[in-house]
Amino acid sequence: MAALNLSVPASKTEAIANPINVKTSIVHSTKNLEAASSVFFQPIWITSLVTTMLLYFASRAFQPKHKKDVLAFKGTVVRIVALLSLIVGFVTTFYVSQFLGYHFPDSPLISLFLAIATFAFIMFFLAKRITKKIYWANNLWIFTMSLIPVAAAWVSRYITYPGPEIFYLLVFIAWSLAYFYLSYAIANQLKQDGDLKAYQKITGMFIYRFIRSYWFILSVIVTLIGIYIYPPIGLALGLIELIVNGIKTNADSDNLQK
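Every value quoted in this text rests on a predicted model; they were computed, and no experiment measured them.

Criteria and cut-off values
- Residues numbered from 1 in each chain as written.
- Predicted model: local features only at pLDDT ≥ 70, side-chain atom pairs only at ≥ 80, totals over all residues.
- Heavy atoms only, no water.
- Helix = DSSP H or I, 4+ residues; strand = E, 2+ residues; numbered from the N terminus.
- Expected span 1.5 Å × (residues − 1).
- Core = buried A, V, L, I, M, F, W, Y, C linked by side-chain atoms within 4.5 Å.
- Buried < 20%, exposed > 50% of the residue type's maximum accessible area, 1.4 Å probe, protein only.
- Contact = heavy atoms within 4.5 Å.
- Patch = residues over 30% accessible without salt bridge, like charges linked within 9 Å, V, L, I, M, F, W, Y side chains within 5 Å.
- Areas by Shrake-Rupley, 256 points an atom, 1.4 Å probe, with all protein chains shown as cover.
- Salt bridge = Lys/Arg side-chain N within 4 Å of Asp/Glu carboxyl O.
- Axes fitted to C-alpha atoms, helices over the stretch in contact; angles between N-to-C directions.
- Parallel < 35°, antiparallel > 145°, perpendicular 65-115°, else oblique.
- Left-handed = near helix turned anticlockwise from the far one by under 90°.
- Nonpolar A, V, L, I, M, F, W, Y, C, P; charged D, E, K, R; others polar.
- Phe/Tyr/Trp six-rings, centres within 6.5 Å; stacked < 30°, edge-to-face > 60°.

In this structure, what is going on with helix H6 (residues 162-192)? I would like to understand it.
Helical periodicity: at 3.6 residues per turn, an α-helix aligns residues three or four positions apart in one direction. In a regular helix each residue adds 1.5 Å, so 31 residues correspond to 45 Å; H6 covers 45 Å between its end C-alpha atoms and thus fits that length. Looking one or two places after H6, you find Gly194, whose phi comes out positive at around 85°.

Next comes the structure, spelled out in structure tokens:
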């Protein structure tokens, strides 16, 4: 237009400078929601831990005289846990909605899901034989698992930065070691109880043998080097490791029977 010496009316300058009109609509806002998973998981984990400890001491003080007394006690425990789980589920949703500003399209359904999750955690107490070592190993594993959403949220926000990727790697290592320690505690207890078949199944798992081998250390070193070269490599290698471990899982890993 300058070369052709064309004049531009003042009313047309806006249209020439901005020929495309852009309208942005926020369909589903995720602002300040990065830690949503952790906000939900921490109350459930802490409540389950405290409740389990109380039920453990209550069971030690209970001295049944007949078999029906044991059944009645377990029935009472299940009812208490079910009621408490419902309270935790709905109170947690109310807490994050009213105090932290989270809003959900279907709040009752989420509350019910949280109640079921709480009930499942506490029911771990009703296992036939759980030693203190296994109990605390399980708590440690659950705690490291609760850190994964926080690390993943940080990585998703700064995926090209090495810092968040390294933090995610450290959390992943802590989770893996906690899982190994839990498996080790369960396997040793089975060995002491004379259940060598179950002991061999646990110690023979691919993930168990992988974490205790030099390949695990080598994979961590390779991932760390990859993060410094190109940070998203950390997530890619972590995904590959999870897929391999999933494929190598024992066929009867979901069978709790001896």
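Looking at this structure, I do not really get the nonpolar core. What am I missing?
In a soluble, globular protein the nonpolar side chains are often hidden away together inside. The biggest cluster of nonpolar side chains holds 16 residues, and the ones touching the most others in it are Ile211 and Phe216. Listed by contribution, the elements that provide at least two residues to this core are H6, helix H7 (196-203), helix H8 (206-211) and helix H9 (214-229). Counting residues per element, this core draws most heavily on H6, which supplies five residues. With sequence-adjacent residues up to four places away left out, Phe216 is seen in contact with Ile173, Ser176, Leu177, Phe210, Ile211 and Glu241.

Explain a nonpolar patch on the surface to me, please; I cannot follow it from the model alone.
A contiguous nonpolar patch, built from Tyr214, Ile217, Ile221, Ile225, Ile229 and Tyr230 and spanning about 720 Å² of accessible area, is present on the exposed surface. Examined against the element boundaries, Ile217 turns out to sit in helix H9.

For this particular structure, what's the right way to read the packing of H6 against H7?
A pair of packed helices is captured by two measures, namely the crossing angle of their axes and the spacing between those axes. Contact pair H6 / H7: the axes reach a minimum separation of 8 Å and the direction vectors enclose 160°. When the interaxial angle is binned, H6 and H7 end up roughly antiparallel. Helix-helix and strand crossings are classified by hand; for H6 and H7 the assignment is left-handed. Here Ser183, Ile186, Ala187, Asn188, Leu190 and Lys191 of H6 come into contact with H7, specifically with Leu196, Ala198, Tyr199, Ile202 and Thr203. Taken together, the residues of the contact of H6 with H7 sort by class into seven nonpolar, three polar and one charged.

Explain the packing of aromatic side chains to me, please; I cannot follow it from the model alone.
Applying the stated criterion across every chain yields a total of ten aromatic pairs. On the basis of an interplanar angle of 35° and a centroid distance of 6.0 Å, the ring pair of Phe172 and Trp175 is categorised as tilted. Remark: Trp175 and Phe172 occur in helix H6; sequence separation between them is three residues, near one turn of the helix. Of the two residues, Phe172 and Trp175, both sit in the buried class. Arranged with centres 6.1 Å apart and planes meeting at 20°, the rings of Trp175 and Tyr179 form a pair that is stacked. Here Tyr179 and Trp175 lie together in helix H6, a separation of four residues that amounts to about one turn. Taking the relative accessible area as the measure of exposure, Trp175 reaches 16% and is therefore buried. Aromatic rings pair up to connect Trp141, Phe172, Trp175 and Tyr179 into one cluster.

Just checking my understanding: could you explain the packing of H9 against helix H10 (residues 233-247) for this structure?
Two numbers describe how H9 lies on H10: the axes approach to 8 Å, and their chain directions differ by 155°. Judged on the interaxial angle alone, H10 and H9 are roughly antiparallel. Between H9 and H10, the contacting residues are Phe216, Ser219, Val222, Thr223, Gly226 and Ile227 on the first element and Ile233, Gly234, Leu237 and Glu241 on the second. Residues that form the contact of H9 with H10 fall into these classes: five nonpolar, four polar and one charged.

Would you mind going over the environment of Phe41 with me for this structure?
For Phe41, the location among the structural elements is in helix H2 (residues 36-61). When near neighbours in sequence (up to four residues on either side) are disregarded, Phe41 contacts Phe121, Ile142 and Ser146.

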